[in-house]
Amino acid sequence: MGAIYSFFFRSSFTTNNAEPSSPVERQLYSWEKPERATIRKEDFILDKLKDQTIYRLPGSVNGQQFIIQNCDNCTIYVFDHTNCIQIDDCTNCRIFIGPVRGSIFIRDSINCVLATICQQFRTRDCRDTYVFLSCTSQPVIESSHNIKFGCLTINYEQLAEQYKSAGISPWNNNWSNNHDFTSIPDGKNYSLLDKNENVFKYLPIPTDSSCNFLNIKDDVDTSITPYTYGELYRGQNEERCLVIFFHDINADACARALITTAKQSEIVLVQSKSYTIDETNLERLFGNDRKYNSLAEKGPVIGLEFAGTNCVSMCQAALQNLLTTKYQNLPHFISQTPAEVAAQLDKFYNFASIQMFV
C-alpha cells in the first residue's frame, strides 16, 4: 500500500449512469500546485520507517498536507499546524499531530497511540489504538475495534497560534461524542478514558534537545483545550449551570479562571462551545431581553456547562468574585435558578449544532 493518493479516490463507488463517465482528474496535493513548486513533497511524507523517532518543529510543515504510512514502531511528533493528515498501515507507532485545519484519517493501523487536534477525525479498519483528541466535529469510527478515546490536554510554545492558523477554537471539543458506523449488538467498538489517563502516559515526552524550547506540558490547568468530561458525565443527575461569555478581549481568560476556581469546589466542566449567536436564536435563548443583542453582534461567545452540588450558586459566587477582582464589566450570562438550566442548555447546544455546521 505504498502508493500515495488522496483517500477521496481510494474509496470505491458505483454509478447508475448508462454513459461512461469521463476520467476524474486526480486531486492535487498542496505541494504539487504550481505556486508551491519549491516545496519538496518528501518533506511531508513519512514512509516505510522502522524504529525511528521523527520530529517536525513549528514552521516546518506550515499548513501543508502530511502523510504517514507503512511505519513500524516509530515515534512521530508534528509540532505544527497542517491542512489534512493521512495515516495508513502503521503498527506499534506513537504519533502526535498539531492542529489540523481539515481532517485526519487513520486506516489499517494496529496498536498505535495517536494524539491530535483537528476539525474532523475518522478511523477505519483499525484496532487496539489509543486516541487522545480535541475535535471540532463528531469523531467517526468504522470497521474498527478496541479504540480508546481520551480528551487531549496539552500545551507548548506556539500552540495557541497554531490553533488560530488552523481555524480551530479550543472551546469546541467533541472528543467523547463518537459515532460508530459499524456498531455491534450489545457491545462497543470504542470506550472512553477517564481523566487520569493523560497523553504522556502512552506517548513519550520528547527528550531531544531540539524540543526544549517548546516547553511541552500535558497538565489540565495549562492546556489550550480545557478538559471536558463530555459523555463520561451522561446519566449523572447533579445540578447544572450554563455560563456564557460574550465576545471580549478578556472572555477567554475569565472563562479559564472560572473553570479553575469552580474545580476547587468540585464543580466540573462537562462541555464547552464557542459560536456566533444570530438574532433569531438570541430571542429564543434569552426571550425579550434585548440587552444581549448588541453583545452578540461583536463576535463568537464562549459557553460553559458546569455540573456539581449546588452548581448554580457556586458558579454565581465564583464568577462574581472574578468580576469584582479582575474582570470588571465583562459581558456575560449565567443561569439564575437550577430549574431553568435544562431548557437553557438544550437551546444553547441546539443552536450551536445548527450554527457550526451550516
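Residues numbered from 1 in each chain as written. Predicted model: local features only at pLDDT ≥ 70, side-chain atom pairs only at ≥ 80, totals over all residues. Heavy atoms only, no water.

Two elements in contact, helix 3 (residues 251–264) and helix 6 (residues 311–325), have axes whose closest approach is 10 Å; the angle formed by their N-to-C orientations is 130°. Considering their axes alone, helix 3 and helix 6 lie oblique with respect to each other. Classified by chirality, the crossing of helix 6 by helix 3 is right-handed. Residues Cys254, Ala257, Leu258 and Thr261 of helix 3 form the contact with helix 6, whose own contacting residues are Cys315, Ala318, Leu319 and Leu322. Of the residues contributing to the contact of helix 3 with helix 6, the split by class is seven nonpolar, one polar and no charged. (Axes fitted to C-alpha atoms, helices over the stretch in contact; angles between N-to-C directions. Helix = DSSP H or I, 4+ residues; strand = E, 2+ residues; numbered from the N terminus. Parallel < 35°, antiparallel > 145°, perpendicular 65-115°, else oblique. Left-handed = near helix turned anticlockwise from the far one by under 90°. Contact = heavy atoms within 4.5 Å. Nonpolar A, V, L, I, M, F, W, Y, C, P; charged D, E, K, R; others polar.)

Moving on, we come to the UniProt feature "binding site: GTP" (unreviewed entry) in the protein chain. With numbering aligned to this structure, UniProt lists the feature "binding site: GTP" (unreviewed entry) at Gly102, Ser103, Gln119, Gln120, Phe121 and Arg122. A maximum C-alpha distance of 11.3 Å is found for the annotated residues, which run over 21 residues; spatially they form one tight group. In this fold, Gln120 is placed in strand 7 (residues 113–124). Looking at Gln120, the relative accessible area reads 47%, which means it is partly exposed. (UniProt positions renumbered as here; feature names shortened; annotations may be inferred. Buried < 20%, exposed > 50% of the residue type's maximum accessible area, 1.4 Å probe, protein only.)

Moving on: helix 6. Helix length check: helix 6, at 15 residues, gives a terminal C-alpha distance of 21 Å against a target of 21 Å (1.5 Å per residue), a fit within 8%. By the burial criterion, the buried members of helix 6 are Cys311, Val312, Cys315, Ala318, Leu319, Leu322 and Leu323. Here the buried residues of helix 6 occupy an arc of 140° about the axis, which is enough to place them on one side. (Expected span 1.5 Å × (residues − 1). Arc of directions from axis to C-beta.)

Now for helix 3. At 3.6 residues per turn, the α-helix brings residues three or four places apart onto the same side. Taking 1.5 Å of rise per residue, the 14 residues of helix 3 would be expected to cover 20 Å, and the 20 Å separating its terminal C-alpha atoms lies within 8% of that figure. Those residues of helix 3 that sit buried are Ala251, Cys254, Ala255, Ala257, Leu258, Ile259 and Ala262. Those residues of helix 3 hidden inside the fold are in contact with strand 13 (240–245), strand 14 (268–275), strand 15 (301–307) and helix 6. Looking one or two residues beyond helix 3, the residue adopting positive phi is Glu266, at roughly 60°.

Attention now moves to the pairing of strand 8 (residues 127–135). Two elements, strand 7 and strand 8, share six bridges in a ladder whose sense is parallel. Within strand 8, the residue paired with Cys118 across the bridge is Cys135. Of the strand pairs in this sheet, strand 8 and strand 10 (residues 145–151) are connected by six bridges, and their pairing is parallel. Looking across to strand 10, one finds that Phe132 is bridged to Gly150. (Pairing = 2+ DSSP bridges.)

A few words now on the environment of Pro58. Considering the arrangement of structural elements, one finds Pro58 in the loop between strand 2 (53–56) and strand 3 (66–69). For Pro58 and Glu157, which are 99 residues apart along the polypeptide, the C-alpha to C-alpha distance reads 8.9 Å.

Moving on, we come to the environment of Cys151. Along the chain, Cys151 turns up in strand 10. Cys151 sits in the buried class, given a relative accessible area of 6%. Residues Cys151 and Glu197 lie 46 residues apart in sequence; the distance between their C-alpha atoms is 8.8 Å. In this view, Cys151 contacts Phe132, Leu133, Asn173, Trp175, Pro226, Tyr227 and Thr228; residues no more than four positions away in its chain are not counted.

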